[in-house]
Amino acid sequence: MTGYLKASGRIAVTLAALLLSGTVLAQPGGEGPSEAARAQLDAMLDTAAKIDPHTDEPAFHAALVEARAYAGTLYPEGHPELALIDFELAGTDLTLGRFAEGAAQIEAILPILEAAGEGYLAKRLPIMNALLVARVRMGDLASARTISEEVLAERRKLLERETDNQTFIAGLAASLNNAGFILNMDGQSRAAIAHMAEVEALIDRLDAPTSELVSYLSNTPTYWAALGDSDMALSEGQRLTAKMEALLPPNHPVLANSYNSLSIRAAERGLLDDAERFSRRAIALALGGQEPDMAMASSMRLSLAQTLIKKGEAQAALATVDEALAFIEKGHGPKGELTLYAQHVRAHALRDLGRLDEAIMLAEATNALRAETMEPASYRRIAGQETLAEFYAEAGRPRDAYATQLAAQEGRATGDATALWEDLTGQIMLGAYAVRAEVGGIDAVTAAHAQLIANRDAIAASGEPDAVQLAILDQANDWALDAAMHAGDIEAAFRFAQYGLATKADRSVQLAAFRRGLDAADAQAVRSYQDKAEALRSLASQQLEAMSLGVPPETMAAMRAQIASARGELAEAGRAIDTASFTGSEPIPLAAMQASLGDGDAVLLAHPLPTGLAVLVATRDARSMHLAALDNREVASLAANMRGALAGGEALMRGVLVARESSTEPAYDFAPGAALYAALFANEAGQLLAQADHIMVAAGGALTRIPFAALAPAAPSLADADWLIRHHSLSTLASLSTLARPAKAESNHAARVVAVGAPVLGGAALSTLRSSRMLAPGATVADLPPLPEALAELNALSRALDTSDTVLLTGEDARETRVLAEIAQPADVIAFATHGLLEGDLAGLAEPALVLTPNEGDDGLLTASEIAALDMDADWVVLSACNTGGPDRPGAAGLSGLASAFLYAGARNLLVSHWEVADDVARAITVPTVESYYREGVAPAEGLRRAVLALIDDGGEARLQHPAYWAPFVYVGS
């Protein structure tokens, strides 16, 4: 855990350094030992000082015990020189997390040194510093503050007397570090950052800073994060990690703090796999010395547990916390800050496991102890209060939630006034609880949310909100929607829901539409800026991933230089345009949304919240909403189970599509889909949907991972299934903004078609599945299996559209250079029939990609970033490949990177897939869908519905009734 105070006196300054510093000391109680005896003791202490306690604690301790035994023959008991060695031995207790024992020993030592007079002041200060650390870790912040102020003042005086004294420089750095920790705990993060800047400057003045002094640098990013500046937290984390690596031997245990900090920063950005790798690396470093640092490893396990909770692995998180807590509580006591933090994480895990009552009891006890030891502005205390308020709300105790959140807001007001996003989100949460408790209305929520959006727009005028700010905004949107749902304000609910459903795909659509409204020169300048902003975001994520994988230092240095260059290019591009001209999506008023709908149309907004599933429906003449009794975790579980029902487990999808006997009806578990169907189609909102012919869906959270076409009530068999697609055509709305735009005049003729696919591949034709999942580790693009049906599909599509201007790029012609040139030209239809890959499907693949024919100068991958860099003019893009529509990874939300890339590049309508596509089935869906649009003027969503029903009812094989075959394809458009 970053922010971890250094718990041993030797951290501040080694005993040998004190004894050999040249300070002339009085020898109480006599003349002292002979010069030769003193020299021998100094040599023994110097031997101990040269041993790094982090890598070889037993040897360090043994050397000190030997020195103490010899010193006992030179000085009488109670002599200050013996007290100094006793302190170093007490430091072992502190290092091992036995803070109560260590503190007791130090309190016995300090009076001896104080009685020895001014000559021992320089030696007494590091011992007081160690006592300060022990007091903090035991939860006694009041005592720690007093000690900190006294030690810091004395340290400054010492350094003023001898400005180049290395021991005094190191001592002041240690005192500033600990004072900064306390300031941050008290909610004064900006002052803590100032202290850490001074610490870094002092370390730079040292000839050979110890590993402990270097470790202080890992605290700075934590304080920036507490201040609400996540970009600075990340950039400082990366900079200081590189500095620490340069100052320390490879894989030094002290680097664990730095990697733990990077884990937290990655988790804040939703890069959970990277976060887990950072955490596990940090733990491994902490345990990698000759004597494992269990105290450090235990604190790192708490960060790992938080990441596991975010990944939906609450059971593993609970086990991880309990493993850490068994050690932490023994050393820190029940009121220790780290103990309370561990209990906080444990409460989250319990809540996610459905043990809400236990979670509330634990959170209440933890908050009560924090109130005894922490200032009201402490970010940890505020976090605990907000967590408990959420638990109360989930338990149906809105008045308790309101009172607890109010206390958090009052505490926040006494600290730094810079974490504005968190403060406004806290106000929105408070307003939501007030609505539920019937002690307030929606107006306070609306005002705070408007200010938050204004902040977003102000930032967008000079760049982009960072990933953490966007995560905070997502949380605020959810609570604002919760407030509107409970207040019964349908206008506000539709407005807040649109903010909450704004995804990368939504932004891609709006950016493309914004450019289309400009003249050519301005559009090019805006496009250049947008591309550079996206490239910088991508580089930052790649750098975090590279660090988590442990790439060589020279590679990291090159990446840092690349990011610095990208920042410069973005700034230069920004000077050429008015960056304030596009600040973000604005919601469509409900009345305008309804006016855009035709007879038989309905819009369904479905967004999982912590307190329920928000369902909002609008038709031309009516609107309705309800909050279904499924919270976001329950929706996520049902969505995962529904994906599993489609194939007996998502990982087995390829087996279902390849090996199932066509003569037997496959099994299907209707339960998860039926539960979601019941939640969405309940009450008046469900009645409005039942009357619609065409449902346009904008879904959030885990609902983006399921095909709505395959929702159905429970049925005895697949043959009896009453799928949603039997009654309604379905569109996925990438952006609700498309509803407000004039409809383009429909044409029954496709003037230009570009058909790409059937690449030349050398793998064995093991299946008819458009997927890479059967490849062995280390496989390349060329090892993918060929797709025999892809050429027939593209030929059939070309014949169906009957246009003279058809560009068919298959086999050897499906080369990246040629493909990019052709799809950059205006076209009515651009169709791909090939393999679709996700990040990590092939070694080194860092983003989704479509597979083309590889050769010596071409990797055979058309990546999402290469697609996004195009300036397309395409009515239709058909992606008849696997995983081109659903999220890029489990747990993610929204359309895939490929779909978003095509929308960003300028495509207006997409036909994409949620999962692996059977090669022999794809043609039966894609060709009729597109053909009916251009030949008969059938709306795309209706064309897809007809193609799917034809496959289910007339396909001639029982297997085709299973939604694993027909449900992956979705139409994206309005």
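Only a predicted model underlies this, so the values are computations on that prediction, with no experimental measurement involved.

Analysis parameters
- Residues numbered from 1 in each chain as written.
- Predicted model: local features only at pLDDT ≥ 70, side-chain atom pairs only at ≥ 80, totals over all residues.
- Heavy atoms only, no water.
- Helix = DSSP H or I, 4+ residues; strand = E, 2+ residues; numbered from the N terminus.
- Buried < 20%, exposed > 50% of the residue type's maximum accessible area, 1.4 Å probe, protein only.
- Contact = heavy atoms within 4.5 Å.
- Areas by Shrake-Rupley, 256 points an atom, 1.4 Å probe, with all protein chains shown as cover.
- Core = buried A, V, L, I, M, F, W, Y, C linked by side-chain atoms within 4.5 Å.
- Expected span 1.5 Å × (residues − 1).
- Polar contact = N/O pair within 3.5 Å; in protein donor to acceptor, adjacent residues only side chain to side chain.
- pLDDT = per-residue confidence, 0-100.
- Pairing = 2+ DSSP bridges.
- Salt bridge = Lys/Arg side-chain N within 4 Å of Asp/Glu carboxyl O.
- Axes fitted to C-alpha atoms, helices over the stretch in contact; angles between N-to-C directions.
- Parallel < 35°, antiparallel > 145°, perpendicular 65-115°, else oblique.
- Left-handed = near helix turned anticlockwise from the far one by under 90°.
- Nonpolar A, V, L, I, M, F, W, Y, C, P; charged D, E, K, R; others polar.
- Phe/Tyr/Trp six-rings, centres within 6.5 Å; stacked < 30°, edge-to-face > 60°.
- Lys NZ or Arg CZ within 6 Å of the ring centre and 35° of its normal.

*Asks:* What is the right way to read the overall build of the chain from this model?
*Replies:* On a plain count of helices and strands, the chain comes out with 40 helices and 16 strands. For the chain, with 974 residues in total, the buried portion stands at 60%. Considering only contacts in the chain between residues 6 or more positions apart, those separated by 24 or more positions represent 73%. Per element, the accessible surface of the chain, about 35,500 Å² overall, is 53% carbon and sulfur.

*Asks:* For this particular structure, what's the right way to read the nonpolar core?
*Replies:* Generally speaking, nonpolar side chains in soluble globular proteins are found buried as a group. Of all hydrophobic cores here, the largest spans 160 residues; its most connected members are Val 603, Leu 605 and Leu 616. Ranked by the residues each element gives to this core, the list is headed by helix H9 (residues 166-185), at 12 residues. Sequence-distant contacts of Leu 616, defined by excluding residues within four places in its chain, comprise Met 485, Ala 493, Phe 494, Ala 497, Val 603, Leu 604, Leu 605, Ser 624 and Met 625.

*Asks:* Explain helix H39 (residues 940-954) here, please?
*Replies:* With 15 residues, H39 extends 21 Å from end C-alpha to end C-alpha; this agrees with the ideal 21 Å at 1.5 Å per step. Burial analysis of H39 places 11 of its 15 residues in the buried class, the great majority of the element. Backbone geometry just downstream of H39 places Gly 956 in the positive-phi region, at approximately 80°.

*Asks:* Explain the side chain of Asn 184 here, please?
*Replies:* By the secondary structure assignment, Asn 184 is in helix H9. At 2.7 Å, the side chain of Asn 184 forms a polar contact with the side chain of Ser 189. Each residue touching Asn 184, except ones within four places of it in the same chain, is listed here: Ser 189, Ala 192, Tyr 223, Ala 226 and Tyr 379.

*Asks:* Can you walk me through the confidence of the model for the chain in this structure?
*Replies:* Detailed reading of the predicted coordinates is not advisable wherever pLDDT is low. Mean pLDDT over the chain: 82, with 85% of residues reaching 70 or higher. Residue range residues 648-663 is modelled with pLDDT below 50. Its contacts to residues more than four positions away, or to other chains, number 36 contacts. Here residues 765-774 scores under 50 on pLDDT; set against residues more than four positions off or in separate chains, the count is 47 contacts.

*Asks:* Looking at this structure, I do not really get the sheet that holds strand S11 (residues 849-851). What am I missing?
*Replies:* Within a sheet, adjacent strands bond to each other through the backbone by hydrogen bonds, running parallel or antiparallel. Pairing within the open sheet is antiparallel, and its 3 strands lie in the order S10-S11-S12. Of all strands in the sheet, those with a lone pairing partner are strand S10 (836-837) and strand S12 (861-863), marking the two edges.

*Asks:* Please explain the pattern of salt bridges as it appears in this structure.
*Replies:* As a working rule, side chains carrying opposite charge can pair if their charged atoms are close by. Enumeration over the complete set of coordinates arrives at 44 salt bridges. Measuring nitrogen to oxygen at the nearest pair gives 3.5 Å for the salt bridge that ties Arg 301 to Glu 323. Here the residue Arg 301 occupies a position in helix H16 (residues 294-310), and Glu 323 occupies one in helix H17 (residues 314-332), the gap between them amounting to 22 residues. Among the salt bridges present, the one from Arg 436 reaches Asp 482, with a minimum N-O distance of 2.7 Å. Of this pair, Arg 436 sits in helix H22 (residues 420-437) while Asp 482 is found in helix H24 (residues 467-487), placing the two residues 46 residues apart along the sequence. Under the relative-accessibility criterion, Arg 436 is labelled buried at 17%.

*Asks:* Before we go on, may I ask you to explain the environment of Val 753 in this structure?
*Replies:* When you line up the elements, Val 753 lands in strand S6 (residues 753-759). Counting along the chain gives 50 residues from Val 753 to Thr 803, while the straight-line C-alpha distance between them is 7.5 Å. For Val 753, the residues in contact, after removing those within four places along its chain, are Leu 801, Thr 803, Asp 805, Thr 806, Val 807 and Val 829.

*Asks:* Help me understand the packing of helix H7 (residues 121-137) against helix H8 (residues 141-161), please; the structure alone is not making it clear to me.
*Replies:* The relative placement of two packed helices is expressed as an angle between their axes plus a distance between the axes. It is at 9 Å that the axes of H7 and H8 come closest, and there the two elements cross at 155°. Overall, the two elements H7 and H8 adopt an arrangement that is roughly antiparallel. Between H7 and H8 lies a crossing whose hand is left-handed. Together, Leu 121, Ala 122, Arg 124, Leu 125, Pro 126, Met 128, Asn 129, Leu 131, Leu 132, Arg 135 and Val 136 of H7 and Leu 141, Ser 143, Ala 144, Ile 147, Ser 148, Glu 150, Val 151, Glu 154, Arg 155 and Leu 158 of H8 make up the contact between the two elements. When grouped by side-chain class, the residues that make up the contact of H7 with H8 number 13 nonpolar, 3 polar and 5 charged.

*Asks:* How should I be thinking about H16 in this particular structure?
*Replies:* Note: α-helices contain 3.6 residues per turn, so residues at a spacing of three or four share the same orientation. Taking 1.5 Å of rise per residue, the 17 residues of H16 would be expected to cover 24 Å, and the 25 Å separating its terminal C-alpha atoms lies within 8% of that figure. At the C-terminal side of H16, Gly 312 shows a positive phi close to 80°.

*Asks:* I tried to follow the packing of aromatic side chains on my own but got confused; where do I start?
*Replies:* In this description, a pair of aromatic rings is defined by centroid distance and the angle of the planes. The final tally for this structure, using the stated rule, is 11 aromatic pairs. Note on Tyr 933 and Tyr 934: the rings are 4.7 Å apart at their centroids and 85° apart in plane angle, and the pair reads as edge-to-face. According to the relative accessible area criterion, Tyr 933 is buried, its value standing at 13%. With relative accessibility at 3%, the residue Tyr 934 sits in the buried group. Through a chain of ring-to-ring contacts, the aromatic side chains of Tyr 668, Phe 670, Trp 723 and Trp 966 assemble into a single cluster. Over the face of the ring belonging to Tyr 341 we find Arg 380, whose NZ or CZ atom lies 4.2 Å from the ring centre.

*Asks:* Looking at this structure, I do not really get unusual backbone geometry. What am I missing?
*Replies:* Among all residues save glycine, negative phi is the norm, and among peptide bonds the norm is trans. Located in the positive-phi region is Glu 438, a residue other than glycine, with phi close to 60°. Tracing the sequence through the fold places Glu 438 in the loop between H22 and helix H23 (443-460). In this structure, Asn 683 takes a positive phi of about 60° despite not being glycine. Relative to the elements of secondary structure, Asn 683 occurs in helix H33 (residues 683-690).

*Asks:* Is there a simple way to think about the packing of helix H20 (residues 379-394) against H22 in this case?
*Replies:* The contact between H20 and H22 brings their axes to 12 Å, and the two run at 30°. Classified by the interaxial angle, the pair formed by H20 and H22 is roughly parallel. Seen from above, H20 lies across H22 with left-handed handedness. Where H20 approaches H22, its residues Glu 386, Ala 389, Glu 390 and Ala 393 are matched on the opposing element by Gly 426, Met 429, Tyr 433 and Arg 436. Residues that form the contact of H20 with H22 fall into these classes: 4 nonpolar, 1 polar and 3 charged.

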